[in-house]
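Per-entry structural report
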Amino acid sequence: MEAATARKIRVVVAKPGLDGHDRGAKIIARALRDAGMEVIYTGLHQTPEQIAETVIQEDADAVGLSILSGAHMTLVPRVVELLAAQDVDDVLVTVGGTIPAEDIPELKKLGVAAVFTPGAGTDEIVEFIRDNASERDDV
Amino acid sequence: MAIEPREKPEFKEREVEFSTMSGHPIEPLYGPEHAPADSETTIGEPGEYPFTRGPYPSMYRGRLWTMRQFAGFGTVEETNERFHYLLDHGQTGLSTAFDMPTLMGYDSDHHRSLGEVGREGVAVDSLDDMEQLFDGIPLGGVTTSMTINAPAAILLAFYVLVGEEQGVSPEKLGGTIQTDILKEYIAQKEWCFPIEPAMRLVTDMIEWCTENMPRWHPVSISGYHIREAGSTAQQELAFTLKDGFTYVERALERGLDIDDFAPRLSFFFNAHIDFFEEVAKYRAARRIWAREMKETYGAKREESMRLRFHAQTAGVSLTAQQPLNNVVRTSLEALAAVLGGTQSLHTNSFDEALALPTEEAVRVALRTQQVIAVESGVTNTADPLGGSWFVEKLTDEMEEAAYGYFARIDELGGMVEAIRRNFPQREIADAAFTYQRELDERKRIVVGVNDFVQDGEEPTPILRIDPALERKQVDRLAATRARRDGVAVEGALAELKRAAATEENLMPPIIAAARARATEGEMIAAMQEVFGTYTESPVF
């Protein structure tokens, strides 16, 4: 859409929990920025509460949760829960990290749109967010 | 004039960039013209300054490297079982992985620990846990490595007290504790305090161990994590050594004698997949460290100049796709570490791209080391690749690159200031991004990921951490708190706080608090009241 009011897709790239592995999150943040999106990188050690607040405050279209600590089945549902509790239902939620295949169906049932596991290409991730995050026009 | 054989059309090179994975260009051929002019001084002999060829004269003919598999998950019971499994299958040293809460200074019942207990390593909250962790393992008869940094002093206190309970005095304990806090701010990102108080703790540990634990390595100056975060091999080498120099400087400022503490400094490098670059990296590391210890820091003893290291095969090189290929990767990487003269080695398991290793997978990883050690013949002579025109040239070039980085860091005011200005962090982020682009554009290939791909793979069975273990640990912790003398703990924590605000060495009050069953989280919180906490300003 070329409407004058269309704005850049806003993405929060977040690191939930105590996990310090930020190589992938930083690469994605940079790739999304290079692709013309507005990126807010939360930095490390974010609680689910902090992430939900950032998503809401930044009026994000999408949030990418990066977890390589094995704590994803506690932290991702918590973020999704908090967003729902605030009636935020139009934010694209994606997850990246060391997520075993067995856990993916449950995450998707919670509303996670995609799970990107080791080996996923950067272009694939950027395209997915571009295609699936709804751009909201300024009112 | 005849055409050079290499120029002939039938020998034309493939349209590929011939460089290491770090982007270092490689010549089609290396010959005598690449040999260093002063090889007798710069290459020398193993066991002699500058130790390019190895820290010991006989290398593996005298003693094989320690086979030391990093292990830890769930509670101390599960990890103690894995320790015994590994020892029974022939490993020769212990290595402990702690969970995220323990690494970050949180007790298992802290709200931030929810969902994280026992996931990335073993949960240890108090001395009670530590006793169980080493159940049936005589600390006087084994060396143990502990991967923990910001709370290292506390875990060392726990270990010393377990030794004491076993009747092993601290001076008999052998092993290593990672403690290397600078690389945390740079790469591994596990911190509790701001940089200066954290550095004070490192120096306290070096000082205390120099006096009380002559067989112990109080620091493992690490490049592994820097490399895993995405650095090049040259950056791994440079940032690691520069961190090491910084610890040396702080210890000297404290008034310690270099020849008293330097012999007990140890290192930890990555063993990545670009074979010859890794071998060159280790050899350059030894030469640089020896020269700087002698010429810059005034060391007189050979033991102070001799760089000894542990290596771990590169976690980031493992793929989730076609996991058996990881056995091949780990083997090549392990071989590079051995040909580079490592003193201790961890080999990754083939299933580790997505989880901690199963028993079967870690057994194969251990067997990999054993096959190299007893079947391959590479241990028959010291530094077998020494004298290779390629390897010697690459060693020289690695050294040159490192000195380039030392100069840039010095210009910024030293490593601590460089970290504050995000210099190493930015270098790493740039290198990581460049590498990822090369993969995305298929300029660099990873088998099974962007070529030689296989559809419809069956998922590999992986280790699942039972969520019930978190509850179990929280209950253990509650029992510890109920059992202990609460008044004594409060007193010990108050004393720790008091000492933290002075310049006293913190090991004694930490040991006293540990003995009273103060928990790790309580001790960290007490120190944070004095030191504050740390938040990074990330760059990407």
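On a predicted model such as this, the values are computed, not experimentally measured, just so you know. (Residues numbered from 1 in each chain as written. Chains lettered and ligands numbered in written order. Predicted model: local features only at pLDDT ≥ 70, side-chain atom pairs only at ≥ 80, totals over all residues. Heavy atoms only, no water.)

1. Comments concerning the overall build of chain B
The helix and strand tally for chain B stands at 22 helices and ten strands. For 540 residues, the compact-globule formula gives about 24 Å, and the C-alpha radius of gyration of chain B, at 23 Å, lands near that figure. Counting only C-alpha atoms and orienting by the principal axes, one finds that chain B spans roughly 90 × 60 × 45 Å. The 540 residues of chain B split such that 61% are buried. Counting contacts in chain B only where the partners sit at least 6 residues apart, residues at least 24 apart contribute 78% of the total. Of the roughly 21000 Å² of accessible surface on chain B, a fraction of 51% belongs to carbon and sulfur atoms. One way to put it: in chain B the 54 positive side-chain charges average out to a point 1 Å from where the 87 negative ones average out. (Helix = DSSP H or I, 4+ residues; strand = E, 2+ residues; numbered from the N terminus. Rg over C-alpha atoms; globule rule 2.2 N^0.38 Å. Buried < 20%, exposed > 50% of the residue type's maximum accessible area, 1.4 Å probe, protein only. Contact = heavy atoms within 4.5 Å. Areas by Shrake-Rupley, 256 points an atom, 1.4 Å probe, with all protein chains shown as cover. Lys, Arg positive; Asp, Glu negative; His and termini not counted. Charge placed at Lys NZ, Arg CZ, Asp CG, Glu CD.)

2. Structural notes on helix α12 (residues 275-296) of chain B
Residue and element names in this part refer to chain B. With 22 residues, α12 should cover 32 Å at 1.5 Å per step; its first-to-last C-alpha distance of 31 Å lies within 8% of that length. With 17 of 22 residues buried, α12 lies mostly within the body of the structure. Phi turns positive, to about 75°, at Gly298, one or two residues after α12. (Expected span 1.5 Å × (residues − 1).)

3. Description of the packing of helix α8 (residues 195-212) of chain B against helix α21 (residues 507-515) of chain B
Think of two packed helices as two axes; the pair is described by the angle between the axes and how far apart they sit. Residues and elements named next belong to chain B. For the pair α8 and α21, the least separation of the axes is 10 Å and the interaxial angle reads 85°. Our classification of the angle between α8 and α21 gives roughly perpendicular. When α8 is examined against α21, the residues Leu201, Asp204, Met205 and Trp208 are found in contact with a partner set consisting of Met507, Pro508, Ile510 and Ile511. Looking at the contact of α8 with α21 residue by residue, the classes come out as seven nonpolar, no polar and one charged. (Axes fitted to C-alpha atoms, helices over the stretch in contact; angles between N-to-C directions. Parallel < 35°, antiparallel > 145°, perpendicular 65-115°, else oblique. Nonpolar A, V, L, I, M, F, W, Y, C, P; charged D, E, K, R; others polar.)

4. Here's the deal with the interface of chain A and chain B
Taken together, the 39 residues of chain A in the interface contact 39 residues of chain B. Roughly 3100 Å² is buried in total at the junction of chain A and chain B, and carbon and sulfur atoms are behind 56% of that figure. If you sort the residues of chain A by the area they bury against chain B, A:Leu18, A:Arg23 and A:Arg30 come out on top, with a joint share of 25%. With a shortest N-O distance of 2.6 Å, A:Asp22 and B:Lys189 are connected by a salt bridge. (Buried area = accessible area lost by both parts, 1.4 Å probe. Salt bridge = Lys/Arg side-chain N within 4 Å of Asp/Glu carboxyl O.)

5. Some words on the packing of aromatic side chains
What the rule picks out here adds up to 25 aromatic pairs over all chains. The interplanar angle of 55° and the centroid separation of 6.2 Å between the aromatic rings of B:Phe269 and B:Tyr282 together place this pair among those described as tilted. Taken together, the residues B:Phe269 in strand β8 (residues 265-271) and B:Tyr282 in helix α12 connect sequence positions 13 residues apart. Residue B:Phe269 is classed as buried on the basis of its relative accessible area of 0%. Chaining the aromatic ring pairs together yields one cluster made of B:Phe245, B:Phe267, B:Phe269, B:Tyr282, B:Trp289, B:Tyr297, B:Phe309, B:Tyr403 and B:Phe406. The side chain of A:Arg30 reaches across the aromatic face of B:Phe433, ending 4.2 Å from its centre. Across the ring face of B:Tyr49, the terminal group of B:Lys294 is positioned such that the distance to the ring centre comes to 4.4 Å. (Phe/Tyr/Trp six-rings, centres within 6.5 Å; stacked < 30°, edge-to-face > 60°. Lys NZ or Arg CZ within 6 Å of the ring centre and 35° of its normal.)

6. Section: the sheet that holds strand β6 (residues 216-217) of chain B
Here five strands make up an open sheet; going across it, the order is β2-β3-β4-β5-β6 (chain B) and the pairing parallel. Each edge of the open sheet carries a strand with a single partner, namely β2 (70-71) and β6 of chain B. (Pairing = 2+ DSSP bridges.)

7. Concerning a nonpolar patch on the surface
There is a patch of nonpolar side chains on the surface, built from B:Ile273, B:Val328 and B:Leu332 and spanning about 230 Å² of accessible area. B:Leu332 gets classed as partly exposed once you look at its relative accessible area, which sits at 40%. (Patch = residues over 30% accessible without salt bridge, like charges linked within 9 Å, V, L, I, M, F, W, Y side chains within 5 Å.)

8. Describing the pairing of β8(B)
Strand residues, when the strand is regular, have side chains that alternate between the two faces of the sheet. All names here are of chain B. For β8, the buried fraction is high: seven of the seven residues fall into the buried class. Burial along β8 is two-sided: the residues Leu265, Phe267, Phe269 and Ala271 and Ser266, Phe268 and Asn270 are all buried. Here strand β7 (residues 219-222) pairs with β8 via four bridges, running parallel. Counted as the bridge partner of Ser220 is Ser266 from β8.

9. Section: the layout of surface pockets
Residues and elements named next belong to chain B. In this structure, the second largest pocket occupies an estimated 530 Å³ of space. Around the second largest pocket sit 27 residues that line it, and Ala320, Gln321, Leu354, Glu457 and Pro459 are the ones nearest its centre. Broken down by class, the residue content of the lining of the second largest pocket amounts to 14 nonpolar, eight polar and five charged. (1 Å grid on protein atoms, 1.4 Å probe; cavity = no way out; pocket = protein on both sides within 12 Å on 5 of 7 lines; lining within 4 Å. Points joined across faces, edges and corners; volume = space filled by probe spheres on them.)

10. Details of the nonpolar core
B:Met130, B:Phe134, B:Met293, B:Ile510, B:Met523 and B:Met527 are the most contacted members of the largest nonpolar core, which totals 167 residues. Per-element accounting of this core gives the leading share, eleven residues, to helix α6 (residues 152-166) of chain B. In contact with B:Met130, other than residues within four places in its own chain, are B:Val124, B:Met146, B:Leu155, B:Phe158, B:Tyr159 and B:Val162. Judged by nonpolar contacts, the second largest core, of 25 residues, contains A:Val55, A:Val76, A:Leu83 and A:Leu107. (Core = buried A, V, L, I, M, F, W, Y, C linked by side-chain atoms within 4.5 Å.)

11. What to know about empty space enclosed by the protein
What the rule picks out here adds up to four cavities of 30 Å³ or more. Space inside the largest cavity adds up to approximately 100 Å³. Looking at the lining of the largest cavity, the elements with two or more residues in it are α1 (23-34) of chain A together with α18 (423-440) of chain B. Among the elements that take part in the lining of the largest cavity, α18(B) stands out by supplying five residues, more than any other. Of the residues assigned to the lining of the largest cavity, the class counts are eight nonpolar, one polar and five charged. Counted as a void, the second largest cavity has a volume near 60 Å³.

12. So, the state of the cysteines
Residues and elements named next belong to chain B. Overall, the coordinates contain zero disulfides over all chains when judged by the stated rule. Among the cysteines around Cys192, which has no disulfide bond, Cys209 carries the closest sulfur, lying 18 Å off. Residue Cys209 is classed as buried on the basis of its relative accessible area of 2%. (Disulfide = S-S within 2.5 Å.)

13. Side note on the pattern of salt bridges
By the definition in use, this model includes 57 salt bridges over all chains. Taking the shortest distance from any N to any O, the salt bridge between A:Arg78 and A:Glu81 comes out at 2.6 Å. Of the two residues, A:Arg78 and A:Glu81 both sit in helix α3 (residues 72-85), three residues apart, roughly one turn of that helix. A residue is classified by how much of its surface remains accessible, and A:Arg78, at 31% relative accessible area, is partly exposed. A residue is classified by how much of its surface remains accessible, and A:Glu81, at 47% relative accessible area, is partly exposed. The shortest N-O distance in the salt bridge between B:Asp204 and B:Arg200 comes to 2.9 Å. With B:Asp204 and B:Arg200 both in helix α8 and four residues apart, this pair spans about one turn of that helix. The class for B:Asp204 is buried, based on a relative accessible area of 0%. Because the salt bridges share partners, they merge into one network encompassing A:Asp123, B:Arg437, B:Asp440, B:Glu441 and B:Lys443.

14. Digging into helix α22 (residues 520-531) of chain B
Residues and elements named next belong to chain B. Over its twelve residues, α22 runs 16 Å from end to end, which matches the ideal 16 Å to within 8%, given 1.5 Å per residue. Turning to α22, its buried residues are Glu520, Gly521, Glu522, Met523, Ile524, Ala526, Met527 and Phe531. Those residues of α22 hidden inside the fold are in contact with α4 (100-104), α6, α8, α19 (468-483), α20 (486-500) and α21. Positive backbone phi, at 90°, marks Gly532, one or two positions downstream of α22.

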